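Tertiary structure, described
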Protein chains: 2
Amino acid sequence: MHGAGWCYRRFKDEGFRLTIPRQAILDVFNQNSKHLSAEEIFLLVHRNYPGVGLATVYRTLDLLTQMGIIFKSDFGDGCSRYELADEATKGHHHLICTRCGRIIDYSDFIEKEEKFTKELETELSQKYKFKINSHQIHFYGLCDKCQ
Amino acid sequence: MHGAGWCYRRFKDEGFRLTIPRQAILDVFNQNSKHLSAEEIFLLVHRNYPGVGLATVYRTLDLLTQMGIIFKSDFGDGCSRYELADEATKGHHHLICTRCGRIIDYSDFIEKEEKFTKELETELSQKYKFKINSHQIHFYGLCDKCQ
DNA sequence: AATGAAAATGAAAATCATTATCAGTTAATA
DNA sequence: TATTAACTGATAATGATTTTCATTTTCATT
(Lines give C-alpha, C1' and ligand atoms only; values in the text may rest on other atoms or scores of the structure.)
Protein backbone atom coordinates (compact mmCIF):
# COMPACT_ATOMS: atom_id res chain seq x y z
CA MET A 1 0.00 0.00 0.00
CA HIS A 2 1.00 3.62 -0.29
CA GLY A 3 3.15 5.20 2.41
CA ALA A 4 1.98 7.79 4.86
CA GLY A 5 3.87 10.44 2.94
CA TRP A 6 1.84 9.86 -0.18
CA CYS A 7 -1.37 10.21 1.80
CA TYR A 8 -0.19 13.32 3.57
CA ARG A 9 0.63 14.98 0.27
CA ARG A 10 -2.71 14.02 -1.27
CA PHE A 11 -4.60 15.49 1.64
CA LYS A 12 -2.51 18.62 1.68
CA ASP A 13 -2.77 19.14 -2.06
CA GLU A 14 -6.55 19.07 -1.85
CA GLY A 15 -6.73 21.36 1.15
CA PHE A 16 -7.45 18.71 3.76
CA ARG A 17 -5.57 17.74 6.89
CA LEU A 18 -4.32 14.27 7.69
CA THR A 19 -5.36 14.32 11.33
CA ILE A 20 -5.01 11.64 13.99
CA PRO A 21 -8.59 10.36 13.61
CA ARG A 22 -8.16 10.18 9.85
CA GLN A 23 -4.87 8.32 10.17
CA ALA A 24 -6.47 5.95 12.65
CA ILE A 25 -9.25 5.20 10.19
CA LEU A 26 -6.80 4.68 7.34
CA ASP A 27 -4.82 2.33 9.59
CA VAL A 28 -7.92 0.27 10.19
CA PHE A 29 -8.27 -0.23 6.46
CA ASN A 30 -4.63 -1.21 6.13
CA GLN A 31 -4.77 -3.69 8.98
CA ASN A 32 -8.19 -5.28 8.67
CA SER A 33 -10.24 -7.18 6.18
CA LYS A 34 -12.47 -5.46 3.72
CA HIS A 35 -16.18 -4.67 3.66
CA LEU A 36 -16.14 -2.80 6.96
CA SER A 37 -19.21 -0.90 8.09
CA ALA A 38 -19.00 2.52 9.71
CA GLU A 39 -19.91 0.99 13.05
CA GLU A 40 -17.22 -1.67 12.74
CA ILE A 41 -14.62 0.94 11.84
CA PHE A 42 -15.75 3.06 14.76
CA LEU A 43 -15.27 0.17 17.17
CA LEU A 44 -11.84 -0.72 15.77
CA VAL A 45 -10.68 2.88 15.97
CA HIS A 46 -12.13 3.11 19.43
CA ARG A 47 -9.67 0.50 20.74
CA ASN A 48 -6.71 2.80 20.29
CA TYR A 49 -8.46 6.15 20.14
CA PRO A 50 -11.50 6.10 22.44
CA GLY A 51 -12.03 9.80 21.89
CA VAL A 52 -12.88 9.54 18.20
CA GLY A 53 -16.61 9.92 17.64
CA LEU A 54 -18.91 8.12 15.27
CA ALA A 55 -19.73 11.32 13.38
CA THR A 56 -16.06 11.79 12.60
CA VAL A 57 -15.90 8.26 11.28
CA TYR A 58 -18.81 8.95 8.94
CA ARG A 59 -17.30 12.27 7.88
CA THR A 60 -13.94 10.68 7.20
CA LEU A 61 -15.43 7.78 5.27
CA ASP A 62 -17.26 10.28 3.13
CA LEU A 63 -14.11 12.26 2.52
CA LEU A 64 -12.03 9.20 1.68
CA THR A 65 -14.74 8.04 -0.70
CA GLN A 66 -14.81 11.41 -2.46
CA MET A 67 -11.03 11.32 -2.72
CA GLY A 68 -11.23 7.88 -4.27
CA ILE A 69 -9.11 6.29 -1.55
CA ILE A 70 -11.84 3.95 -0.40
CA PHE A 71 -14.85 2.51 -2.16
CA LYS A 72 -18.36 2.46 -0.77
CA SER A 73 -20.66 -0.47 -1.49
CA ASP A 74 -24.05 -1.67 -0.47
CA PHE A 75 -24.58 -5.38 -0.09
CA GLY A 76 -28.15 -5.17 1.07
CA ASP A 77 -27.57 -5.75 4.77
CA GLY A 78 -28.78 -2.35 5.89
CA CYS A 79 -25.54 -0.42 6.05
CA SER A 80 -22.89 0.80 3.68
CA ARG A 81 -19.58 -0.99 3.63
CA TYR A 82 -16.19 0.35 2.72
CA GLU A 83 -12.95 -1.06 1.38
CA LEU A 84 -9.65 0.29 0.12
CA ALA A 85 -9.78 1.29 -3.53
CA ASP A 86 -6.21 0.24 -4.21
CA GLU A 87 -5.04 -1.80 -7.14
CA ALA A 88 -5.74 -5.14 -5.54
CA THR A 89 -9.42 -4.42 -5.15
CA LYS A 90 -9.87 -2.27 -8.22
CA GLY A 91 -12.62 -4.27 -9.78
CA HIS A 92 -14.81 -4.85 -6.73
CA HIS A 93 -15.99 -8.32 -7.54
CA HIS A 94 -18.21 -9.93 -4.96
CA LEU A 95 -20.26 -13.03 -4.40
CA ILE A 96 -23.08 -12.18 -1.99
CA CYS A 97 -25.05 -14.85 -0.19
CA THR A 98 -28.66 -13.72 -0.09
CA ARG A 99 -29.41 -15.94 2.86
CA CYS A 100 -26.61 -15.36 5.40
CA GLY A 101 -25.20 -12.16 3.95
CA ARG A 102 -21.70 -13.52 3.59
CA ILE A 103 -19.55 -11.68 1.09
CA ILE A 104 -16.85 -13.49 -0.80
CA ASP A 105 -14.20 -11.59 -2.69
CA TYR A 106 -12.94 -13.37 -5.69
CA SER A 107 -9.70 -12.44 -7.34
CA ASP A 108 -9.68 -15.19 -9.92
CA PHE A 109 -10.58 -14.66 -13.54
CA ILE A 110 -9.65 -11.01 -13.13
CA GLU A 111 -7.79 -10.96 -16.43
CA LYS A 112 -10.90 -12.10 -18.25
CA GLU A 113 -13.02 -9.64 -16.35
CA GLU A 114 -10.65 -6.76 -17.01
CA LYS A 115 -10.68 -7.50 -20.70
CA PHE A 116 -14.46 -7.61 -20.76
CA THR A 117 -15.04 -4.48 -18.69
CA LYS A 118 -12.40 -2.50 -20.58
CA GLU A 119 -14.12 -3.28 -23.87
CA LEU A 120 -17.55 -2.58 -22.50
CA GLU A 121 -16.44 0.66 -20.87
CA THR A 122 -15.03 1.89 -24.15
CA GLU A 123 -18.23 1.11 -26.02
CA LEU A 124 -20.52 2.50 -23.33
CA SER A 125 -18.45 5.65 -22.96
CA GLN A 126 -18.80 6.36 -26.65
CA LYS A 127 -22.45 5.53 -26.99
CA TYR A 128 -23.70 7.28 -23.86
CA LYS A 129 -21.05 10.01 -23.56
CA PHE A 130 -20.46 8.71 -20.07
CA LYS A 131 -17.08 9.04 -18.39
CA ILE A 132 -16.69 5.78 -16.48
CA ASN A 133 -14.51 5.86 -13.39
CA SER A 134 -15.16 2.51 -11.79
CA HIS A 135 -17.39 -0.50 -11.87
CA GLN A 136 -18.79 -3.11 -9.61
CA ILE A 137 -19.90 -6.65 -10.32
CA HIS A 138 -22.07 -8.45 -7.80
CA PHE A 139 -23.19 -12.04 -8.07
CA TYR A 140 -26.07 -12.96 -5.81
CA GLY A 141 -26.86 -16.48 -4.70
CA LEU A 142 -26.33 -19.03 -1.97
CA CYS A 143 -22.97 -19.84 -0.42
CA ASP A 144 -21.90 -23.42 0.23
CA LYS A 145 -23.18 -23.39 3.79
CA CYS A 146 -26.60 -22.02 2.87
CA GLN A 147 -27.52 -24.38 0.04
CA MET B 1 -45.10 -8.71 -19.88
CA HIS B 2 -46.96 -11.52 -18.21
CA GLY B 3 -50.73 -11.38 -17.94
CA ALA B 4 -52.69 -10.92 -14.77
CA GLY B 5 -53.67 -14.56 -14.82
CA TRP B 6 -50.09 -15.68 -14.61
CA CYS B 7 -49.53 -13.45 -11.61
CA TYR B 8 -52.68 -14.60 -9.88
CA ARG B 9 -51.64 -18.20 -10.23
CA ARG B 10 -48.14 -17.55 -8.95
CA PHE B 11 -49.50 -15.83 -5.88
CA LYS B 12 -52.06 -18.50 -5.25
CA ASP B 13 -49.61 -21.33 -5.71
CA GLU B 14 -47.36 -19.86 -3.07
CA GLY B 15 -50.16 -19.19 -0.61
CA PHE B 16 -50.39 -15.45 -1.15
CA ARG B 17 -53.31 -13.31 -2.26
CA LEU B 18 -53.25 -10.97 -5.22
CA THR B 19 -55.06 -8.14 -3.49
CA ILE B 20 -56.00 -4.70 -4.79
CA PRO B 21 -52.99 -2.95 -3.24
CA ARG B 22 -50.67 -5.59 -4.68
CA GLN B 23 -52.23 -5.29 -8.12
CA ALA B 24 -51.94 -1.53 -7.94
CA ILE B 25 -48.26 -1.80 -7.17
CA LEU B 26 -47.68 -4.28 -9.98
CA ASP B 27 -49.51 -1.90 -12.31
CA VAL B 28 -47.14 0.88 -11.37
CA PHE B 29 -44.24 -1.28 -12.47
CA ASN B 30 -45.93 -2.11 -15.74
CA GLN B 31 -46.79 1.49 -16.51
CA ASN B 32 -43.79 3.44 -15.28
CA SER B 33 -40.08 3.62 -15.78
CA LYS B 34 -37.74 1.57 -13.73
CA HIS B 35 -35.64 2.27 -10.64
CA LEU B 36 -38.58 3.38 -8.56
CA SER B 37 -38.14 4.00 -4.85
CA ALA B 38 -40.70 2.87 -2.29
CA GLU B 39 -41.74 6.47 -1.77
CA GLU B 40 -42.22 7.03 -5.50
CA ILE B 41 -44.27 3.88 -5.82
CA PHE B 42 -46.34 4.92 -2.83
CA LEU B 43 -47.13 8.28 -4.44
CA LEU B 44 -48.00 6.71 -7.81
CA VAL B 45 -50.29 4.16 -6.17
CA HIS B 46 -51.78 6.91 -4.06
CA ARG B 47 -53.18 8.65 -7.17
CA ASN B 48 -55.63 5.86 -7.83
CA TYR B 49 -55.76 4.22 -4.42
CA PRO B 50 -55.35 6.86 -1.72
CA GLY B 51 -56.12 4.30 0.95
CA VAL B 52 -53.00 2.22 0.39
CA GLY B 53 -50.43 2.85 3.10
CA LEU B 54 -46.69 3.13 2.87
CA ALA B 55 -46.17 0.08 5.06
CA THR B 56 -48.14 -2.02 2.60
CA VAL B 57 -45.97 -0.74 -0.21
CA TYR B 58 -42.84 -1.82 1.64
CA ARG B 59 -44.38 -5.18 2.51
CA THR B 60 -45.42 -5.78 -1.07
CA LEU B 61 -42.04 -4.76 -2.47
CA ASP B 62 -40.45 -7.21 -0.09
CA LEU B 63 -42.80 -9.96 -1.14
CA LEU B 64 -42.35 -9.30 -4.86
CA THR B 65 -38.59 -9.29 -4.37
CA GLN B 66 -38.69 -12.62 -2.57
CA MET B 67 -40.88 -14.03 -5.32
CA GLY B 68 -38.36 -12.86 -7.89
CA ILE B 69 -40.89 -10.67 -9.68
CA ILE B 70 -39.01 -7.46 -9.03
CA PHE B 71 -35.36 -6.74 -8.37
CA LYS B 72 -34.06 -4.54 -5.58
CA SER B 73 -30.99 -2.39 -6.13
CA ASP B 74 -29.05 0.25 -4.30
CA PHE B 75 -27.55 3.05 -6.32
CA GLY B 76 -26.14 4.94 -3.37
CA ASP B 77 -28.75 7.67 -3.17
CA GLY B 78 -30.06 6.70 0.24
CA CYS B 79 -32.95 4.45 -0.68
CA SER B 80 -33.51 1.12 -2.35
CA ARG B 81 -34.87 1.09 -5.86
CA TYR B 82 -36.95 -1.56 -7.56
CA GLU B 83 -37.53 -2.69 -11.11
CA LEU B 84 -39.30 -5.54 -12.85
CA ALA B 85 -37.16 -8.66 -13.06
CA ASP B 86 -38.53 -9.70 -16.44
CA GLU B 87 -36.50 -10.90 -19.35
CA ALA B 88 -35.78 -7.46 -20.74
CA THR B 89 -34.07 -6.33 -17.57
CA LYS B 90 -32.57 -9.63 -16.57
CA GLY B 91 -29.00 -8.49 -16.36
CA HIS B 92 -29.44 -5.26 -14.42
CA HIS B 93 -26.83 -3.22 -16.18
CA HIS B 94 -26.58 0.38 -15.10
CA LEU B 95 -24.54 3.48 -15.65
CA ILE B 96 -24.70 5.61 -12.52
CA CYS B 97 -23.70 9.25 -12.50
CA THR B 98 -21.92 9.91 -9.24
CA ARG B 99 -22.62 13.61 -9.45
CA CYS B 100 -26.32 13.96 -10.31
CA GLY B 101 -27.42 10.42 -9.48
CA ARG B 102 -28.87 9.78 -12.91
CA ILE B 103 -29.21 6.12 -13.79
CA ILE B 104 -28.95 4.97 -17.37
CA ASP B 105 -30.02 1.51 -18.39
CA TYR B 106 -28.11 0.12 -21.26
CA SER B 107 -29.38 -2.74 -23.31
CA ASP B 108 -26.58 -2.82 -25.83
CA PHE B 109 -23.78 -5.33 -25.79
CA ILE B 110 -26.03 -7.67 -23.85
CA GLU B 111 -24.95 -10.65 -25.93
CA LYS B 112 -21.34 -10.04 -25.05
CA GLU B 113 -22.24 -9.52 -21.43
CA GLU B 114 -24.35 -12.65 -21.26
CA LYS B 115 -21.51 -14.69 -22.70
CA PHE B 116 -19.07 -13.25 -20.20
CA THR B 117 -21.27 -13.61 -17.14
CA LYS B 118 -22.35 -17.14 -18.06
CA GLU B 119 -18.74 -18.24 -18.30
CA LEU B 120 -17.77 -16.47 -15.11
CA GLU B 121 -20.77 -17.82 -13.24
CA THR B 122 -19.86 -21.35 -14.20
CA GLU B 123 -16.29 -20.95 -13.05
CA LEU B 124 -17.19 -19.13 -9.83
CA SER B 125 -19.90 -21.65 -8.98
CA GLN B 126 -17.40 -24.46 -9.22
CA LYS B 127 -14.56 -22.80 -7.39
CA TYR B 128 -16.57 -21.33 -4.52
CA LYS B 129 -19.42 -23.84 -4.38
CA PHE B 130 -21.70 -20.87 -4.77
CA LYS B 131 -25.12 -21.18 -6.39
CA ILE B 132 -25.47 -17.97 -8.40
CA ASN B 133 -29.00 -16.74 -8.99
CA SER B 134 -28.48 -13.28 -10.40
CA HIS B 135 -25.91 -10.62 -11.00
CA GLN B 136 -25.61 -6.90 -11.24
CA ILE B 137 -23.12 -4.75 -13.10
CA HIS B 138 -22.79 -1.10 -12.18
CA PHE B 139 -20.56 1.40 -13.94
CA TYR B 140 -19.93 4.58 -11.99
CA GLY B 141 -18.88 7.85 -13.56
CA LEU B 142 -20.12 11.14 -14.94
CA CYS B 143 -23.00 11.49 -17.37
CA ASP B 144 -22.79 13.81 -20.38
CA LYS B 145 -24.40 16.69 -18.54
CA CYS B 146 -22.13 16.44 -15.50
CA GLN B 147 -18.74 16.33 -17.21
C1' DA C 1 6.41 31.42 20.51
C1' DA C 2 2.00 34.13 19.68
C1' DT C 3 -1.90 34.91 16.46
C1' DG C 4 -5.68 34.46 13.41
C1' DA C 5 -8.38 31.92 10.05
C1' DA C 6 -9.92 27.82 8.30
C1' DA C 7 -10.53 23.03 9.01
C1' DA C 8 -11.80 19.47 11.97
C1' DT C 9 -13.84 17.53 16.02
C1' DG C 10 -17.14 15.28 19.68
C1' DA C 11 -21.55 15.13 21.57
C1' DA C 12 -26.05 15.42 20.89
C1' DA C 13 -30.08 16.24 18.25
C1' DA C 14 -32.33 15.65 13.96
C1' DT C 15 -33.43 13.20 9.73
C1' DC C 16 -35.02 9.74 6.95
C1' DA C 17 -35.74 5.09 5.07
C1' DT C 18 -37.33 1.01 6.71
C1' DT C 19 -39.47 -2.33 10.04
C1' DA C 20 -42.39 -3.89 13.73
C1' DT C 21 -46.68 -3.66 16.24
C1' DC C 22 -51.45 -4.15 16.66
C1' DA C 23 -56.17 -3.97 16.18
C1' DG C 24 -59.29 -4.29 12.57
C1' DT C 25 -60.47 -6.10 7.70
C1' DT C 26 -60.63 -9.23 3.93
C1' DA C 27 -60.74 -13.48 1.46
C1' DA C 28 -60.61 -18.59 0.96
C1' DT C 29 -62.27 -22.79 2.75
C1' DA C 30 -64.96 -25.89 5.48
C1' DT D 1 -72.24 -18.83 7.57
C1' DA D 2 -68.26 -19.74 10.60
C1' DT D 3 -63.49 -20.29 10.95
C1' DT D 4 -59.06 -19.33 10.00
C1' DA D 5 -55.15 -17.25 8.07
C1' DA D 6 -53.62 -13.62 5.20
C1' DC D 7 -53.63 -8.93 4.72
C1' DT D 8 -54.24 -4.14 5.82
C1' DG D 9 -53.57 0.99 7.49
C1' DA D 10 -52.02 3.82 11.05
C1' DT D 11 -48.68 4.55 14.10
C1' DA D 12 -44.70 3.86 16.77
C1' DA D 13 -40.12 2.18 16.87
C1' DT D 14 -35.70 1.32 14.92
C1' DG D 15 -31.29 2.16 13.21
C1' DA D 16 -28.06 4.13 9.96
C1' DT D 17 -26.59 8.43 8.63
C1' DT D 18 -26.43 13.62 8.72
C1' DT D 19 -26.58 18.00 10.74
C1' DT D 20 -25.77 21.33 14.26
C1' DC D 21 -22.98 23.89 17.17
C1' DA D 22 -19.71 25.18 20.36
C1' DT D 23 -15.01 23.96 20.98
C1' DT D 24 -10.46 22.41 19.56
C1' DT D 25 -6.76 21.67 16.39
C1' DT D 26 -3.83 22.76 12.64
C1' DC D 27 -1.00 25.59 9.90
C1' DA D 28 0.77 29.75 7.69
C1' DT D 29 2.16 34.07 9.13
C1' DT D 30 4.06 37.19 12.20
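Scroll up for the structure.
Everything in this summary refers to the structure shown in the same document. This structure is a prediction, so every number in the text was calculated from the model and none was measured.

**Details of the state of the cysteines**
Residue and element names in this part refer to chain A. Scanning all chains against the criterion turns up zero disulfides over all chains. Counting only cysteine sulfurs, Cys-100 is the nearest neighbor of Cys-97, a cysteine outside any disulfide, at a range of 3.7 Å. Look at Cys-97 and you get buried, because its relative accessible area is 2%.

**Quick word on the relation of the copies chain B and chain A**
Superposing chain B onto chain A requires a rotation of 179° together with a translation of 0.0 Å along the rotation axis, leaving an RMSD of 0.2 Å. Taken together, the rotation and translation describe the operation of a two-fold axis. No C-alpha of chain B approaches the rotation axis more nearly than that of Ile137(B), which lies at 2.3 Å. Take the interface residues of chain B: 100% of them recur as interface residues in chain A, which is what a same-surface contact looks like.

**As for the interface of chain B and chain A**
On the side of chain A, 39 residues touch chain B, which itself brings 38 residues to the contact. Among the residues chain B hides against chain A, the three largest losses belong to Phe130(B), Phe139(B) and Tyr140(B). Together they make up 19% of the total. Counting across the chain B and chain A interface gives six salt bridges. Its salt-bridge partner being Lys127(A), residue Asp108(B) comes within 2.7 Å of it at the nearest N-O pair.

**Some remarks on the protein's contact with DNA strand C**
Taken together, the neighbourhood of DNA strand C is formed by 19 residues, with Thr19(A), Arg22(A), Thr56(A), Arg59(A) and Tyr58(B) sitting nearest. Taking the atoms of DNA strand C that fall within 4 Å of the protein, sugar and phosphate contribute 64% of them. A distance of 2.6 Å is found between a base nitrogen of DNA strand C and a side-chain nitrogen or oxygen belonging to Arg59(A). Of all the secondary structure elements, the ones that give two or more residues to the surface near DNA strand C are α2 (20-31) and α4 (54-66) of chain A together with α4 (54-66) of chain B. With four residues, the single largest contributor to the surface near DNA strand C is α4(B). Considering only residue class, the surface near DNA strand C consists of eight nonpolar, six polar and five charged.

**Regarding helix α5 (residues 110-128) of chain A**
Residues and elements named next belong to chain A. In this model, α5 (19 residues) spans 25 Å end to end at C-alpha, consistent with the 27 Å of a helix rising 1.5 Å per residue. Of all the positions in α5, only Glu-113, Phe-116, Thr-117, Leu-120, Glu-121, Leu-124 and Tyr-128 are classed as buried. Down the axis, α5 shows its buried residues gathered within 135° of arc, on one side only. Exposed and oriented more than 90 degrees from the buried face of α5 are Glu-111, Lys-115 and Gln-126. At the exit of α5 stands Lys-129, carrying a positive phi of roughly 50°.

**Observations concerning the environment of Leu61(B)**
Residue and element names in this part refer to chain B. Following the sequence through the fold, Leu-61 ends up in helix α4. Residue classification places Leu-61 among the buried positions, given a relative accessible area of 0%. Expressed as a C-alpha distance, the spacing of Leu-61 and Leu-26, which sit 35 residues apart in the sequence, is 9.4 Å. Once residues lying within four places of it in the same chain are set aside, the contact partners of Leu-61 are Ile-25, Phe-29, Ala-38, Ile-41, Ile-70 and Tyr-82.

**Details of α4(A)**
All names here are of chain A. Taking 1.5 Å per residue, 13 residues should reach 18 Å; α4 reaches 18 Å between its end C-alpha atoms and fits that length. For α4, every residue scored as buried is listed here: Val-57, Thr-60, Leu-61, Leu-63 and Leu-64. Buried residues along α4 cover an arc of 165° about the axis, so they all sit on one side. For α4, the exposed residues lying more than 90 degrees away from the buried face are Arg-59 and Gln-66. Looking one or two residues beyond α4, the residue adopting positive phi is Gly-68, at roughly 80°.

**Focus: unusual backbone geometry**
Residues and elements named next belong to chain B. Even without a glycine there, the phi angle at His-35 is positive, about 60°. Within the fold, His-35 resides in the loop between α2 (20-31) and β1 (36-37). At Phe-109, a residue that is not glycine, the phi angle is positive and equals roughly 60°. Within the secondary structure layout, Phe-109 lies in the loop between β5 (103-105) and α5 (110-128).

Thresholds applied
Residues numbered from 1 in each chain as written. Chains lettered and ligands numbered in written order. Predicted model: local features only at pLDDT ≥ 70, side-chain atom pairs only at ≥ 80, totals over all residues. Heavy atoms only, no water. Disulfide = S-S within 2.5 Å. Buried < 20%, exposed > 50% of the residue type's maximum accessible area, 1.4 Å probe, protein only. Least-squares fit on C-alpha atoms with pLDDT ≥ 70 in both. Contact = heavy atoms within 4.5 Å. Buried area = accessible area lost by both parts, 1.4 Å probe. Salt bridge = Lys/Arg side-chain N within 4 Å of Asp/Glu carboxyl O. Near = heavy atom within 4 Å. Polar contact = N/O pair within 3.5 Å; in protein donor to acceptor, adjacent residues only side chain to side chain. Helix = DSSP H or I, 4+ residues; strand = E, 2+ residues; numbered from the N terminus. Nonpolar A, V, L, I, M, F, W, Y, C, P; charged D, E, K, R; others polar. Expected span 1.5 Å × (residues − 1). Arc of directions from axis to C-beta.

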